[in-house]
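# Commentary on secondary and tertiary structure
If you want the building blocks of each chain, they are given just below.
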Amino acid sequence: MRDFHYRDDAFFCEDVPLERIAKERDTPCYVYSHATLTRHFHAFDQAFAAVPHIVAFAVKANSNLAVLQLMASCGSGADIVSGGELFRALHAGIPPNKIVFAGVGKRAEEIAFALKSDILLFNVESSAELEVINDVAGGMGRQARVALRINPDVDPHTHPYISTGMKKSKFGIAADRANEAFQKAAALSHIHVIGVHAHVGSQLTHVSPFVDSLKRVIALTRNLKAQGIPIRYVNIGGGLGITYSNETPPHPNELAAAVVPLLKEADCDIILEPGRVIVGNAGVLLTRVLYRKETDAKTFVIVDAAMNDLLRPSLYDAHHDVLPVHRVPTAPEETYDVVGPVCESGDFLAQNRTMPTVKAGDLLAVMSAGAYGFTMASNYNSRPRVPEILVKGGENFVIRERETFEDLIRGERVPEFLYSTA
Ligand code: LLP
C-alpha cells in the first residue's frame, strides 16, 4: 500500500496526514487513494494488453460514484449484480456496452432495465433464468445478448463463503450440463448466445484455479463454435487476491502470463471482472480509540468503528492490519482485541493482535479496507454509515457524506392507528 505510508512517524495517504482527515472529517471514515486506484486499474488492464479485452470492474467491491467515475475515466466497464449497481454504473458514465450482469436471482424488472440500457450481456446462471430473460426480451421486442456462466468445479482454496466455482455452490451451470444449456439457449427466439463465463471465487492467491477453470471454458468454447454457436466473448471472472498480511498473491502480470496463451487459443474477446485487486489496498478505515478496557482475560481497545462499518473480520474471520496513525517507535507492544461499540461479541476488527500500545484518543488505520468495506456496511444498532473520503495529492474530498440521524429514519412511516391508540 505504497500511497499509505509513514513520513517520520505520521501516517499519510498520498500527501495528506490521516490526522488531518480525522480533524476535518471526523471518525470513523473510509479513506481512498486516487493514485492507487488509478495505478491498480492500469496495472491490471495493461497486463492483458496482448489480447482484445474489457476490464469490467466488479462494482460490488466498491460502488461509490466517484470511484466508479474514476474507473470509467480509466476505460473500465462494470460487472454488476443488481439493478441498483446498474443504476450506479450508468450514473457514473460507464458505457453500457462494457457492462455485464451476473447473479443467480435477477428479477424481471432488473432484466428489463438492463435490456433498455442496452448492456453488453447477461451472465446467465440457470436454465430457468434463461427463459425469463427470453420472455422479457420478447415482450420488449428485443434480442438479449447472453453468456452462460458455467460452474467448472474447481477448488479455489479460499474462504468457503467466497468460493463460487465448486459443484456444491449455487453459482453457474454445472460444466457437464453446459452443452445442453447452450443448445437450449441457442434455440430460444429472443436470446443471442455470445459468451462463456466462469468465476471460481475471490481472494485467490494462486494462478492454478484460474488456469484449471479456463481450460474447461476454452474446451467448451471450442466445442460450441464447432456446433455453430458463435461464441465471441470468454469471461474469466474476477477473484485475484491481495496481500492483507502475509499472503503472496500473483501480480496481474503473473496471472496474465499464465492465462494469455490459453486466451489466445480461444480466439475471442476477453472479459475480466477484477474488484478487490483494484480497490482493496487502495483504502483504509480510519477510527479513533474510545476506551481501553482491561479484563482478567484480555485487554480490549474499543474504537468508534464497528462490524457494521467493516464486516469482514466478523463474517470471514478476515485479517486486516491495524496501524497507529501516530507511530511511537519506542512504544512497548501489547496484545489486544480491537472491538467496536456494537452489541455483539462478534463485533471485532482484530483479535489477539500484538501491536504498539494505544490509549484513548489515538487514531488507528484499519488497512486493506477499500474492497467489500463500505459496500457491506449496514445501519445495525442505528449507527449512521460513515463518510468516504478520496485523497488526491495534497487534497481530500468527501465522496460520500456521513449519514445523519434523519437519514436513519428516512422512509419509515408510523401508521395513523398507532398515533390514535397512543
Ligand atoms: N465476478 C463475479 C461474478 C463475482 O461474483 C465477484 C465477486 C467478482 C467478479 C469480483 O471478485 P474479486 O475480484 O473482488 O475477488 N465479500 C467478500 C467477497 C465476495 C465476492 C463476491 N463476488 C469479501 O469481503 O471477501
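The preceding data block contains the structure.
Residues numbered from 1 in each chain as written. Predicted model: local features only at pLDDT ≥ 70, side-chain atom pairs only at ≥ 80, totals over all residues. Heavy atoms only, no water.

To continue, consider the nonpolar core. Within soluble globular proteins, side chains that are nonpolar generally end up buried alongside one another. Of all hydrophobic cores here, the largest spans 102 residues; its most connected members are Phe-48, Phe-122 and Phe-182. Here this core spans two domains, and each of domain 1 (4–31 + 280–409) and domain 2 (34–276) adds at least three residues to it. Here Phe-48 is in contact with His-53, Pro-252, Leu-255, Ala-256, Val-259, Val-260, Leu-263 and Leu-272, once residues within four sequence places are set aside. (Core = buried A, V, L, I, M, F, W, Y, C linked by side-chain atoms within 4.5 Å. Buried < 20%, exposed > 50% of the residue type's maximum accessible area, 1.4 Å probe, protein only. Domains from an automatic or database assignment. Contact = heavy atoms within 4.5 Å.)

Let us look at the site of the ligand. The ligand sits among 18 residues. The nearest are Ser-202, Glu-273, Arg-312, Tyr-316 and Tyr-372. Asp-79 is positioned with one of its side-chain polar atoms (N or O) 3.2 Å from a nitrogen atom of the ligand. One nitrogen or oxygen atom from the side chain of Arg-312 is found 2.6 Å from an oxygen atom belonging to the ligand. Out of a free accessible area of 580 Å², the ligand has 92% covered by protein chains. When its residues are assigned to classes, the shell around the ligand shows six nonpolar, six polar and six charged. Residues lining the shell around the ligand come from more than one domain, with at least three contributed by each of domain 1 (4–31 + 280–409) and domain 2 (34–276). (Near = heavy atom within 4 Å. Polar contact = N/O pair within 3.5 Å; in protein donor to acceptor, adjacent residues only side chain to side chain. Areas by Shrake-Rupley, 256 points an atom, 1.4 Å probe, with all protein chains shown as cover. Nonpolar A, V, L, I, M, F, W, Y, C, P; charged D, E, K, R; others polar.)

Look at helix α4 (residues 83–91) against helix α5 (residues 108–117): their axes get within 9 Å of each other, and the N-to-C directions meet at 25°. One finds that α4 runs roughly parallel with respect to α5. Crossing hand, α4 versus α5: left-handed. Here α4 contributes Gly-83, Leu-86, Phe-87 and Leu-90 to the contact with α5, which in turn contributes Glu-110, Phe-113, Ala-114 and Ser-117. (Axes fitted to C-alpha atoms, helices over the stretch in contact; angles between N-to-C directions. Helix = DSSP H or I, 4+ residues; strand = E, 2+ residues; numbered from the N terminus. Parallel < 35°, antiparallel > 145°, perpendicular 65-115°, else oblique. Left-handed = near helix turned anticlockwise from the far one by under 90°.)

A word on the sheet that holds strand β2 (residues 10–13). Hydrogen bonds between backbone groups are what pair the strands of a sheet, and the pairing can be parallel or antiparallel. Pairing in this open sheet of three strands is antiparallel, and the strands run β1-β2-β3 from one edge to the other. The open sheet is flanked by β1 (4–7) and β3 (16–17), the only strands paired with a single partner. Taken together, the four bridges between β1 and β2 define a ladder with antiparallel strand orientation. The residue of β2 that forms the bridge with Arg-7 is Ala-10. (Pairing = 2+ DSSP bridges.)

Take it as geometry only, folks, not as evidence of what the structure does.
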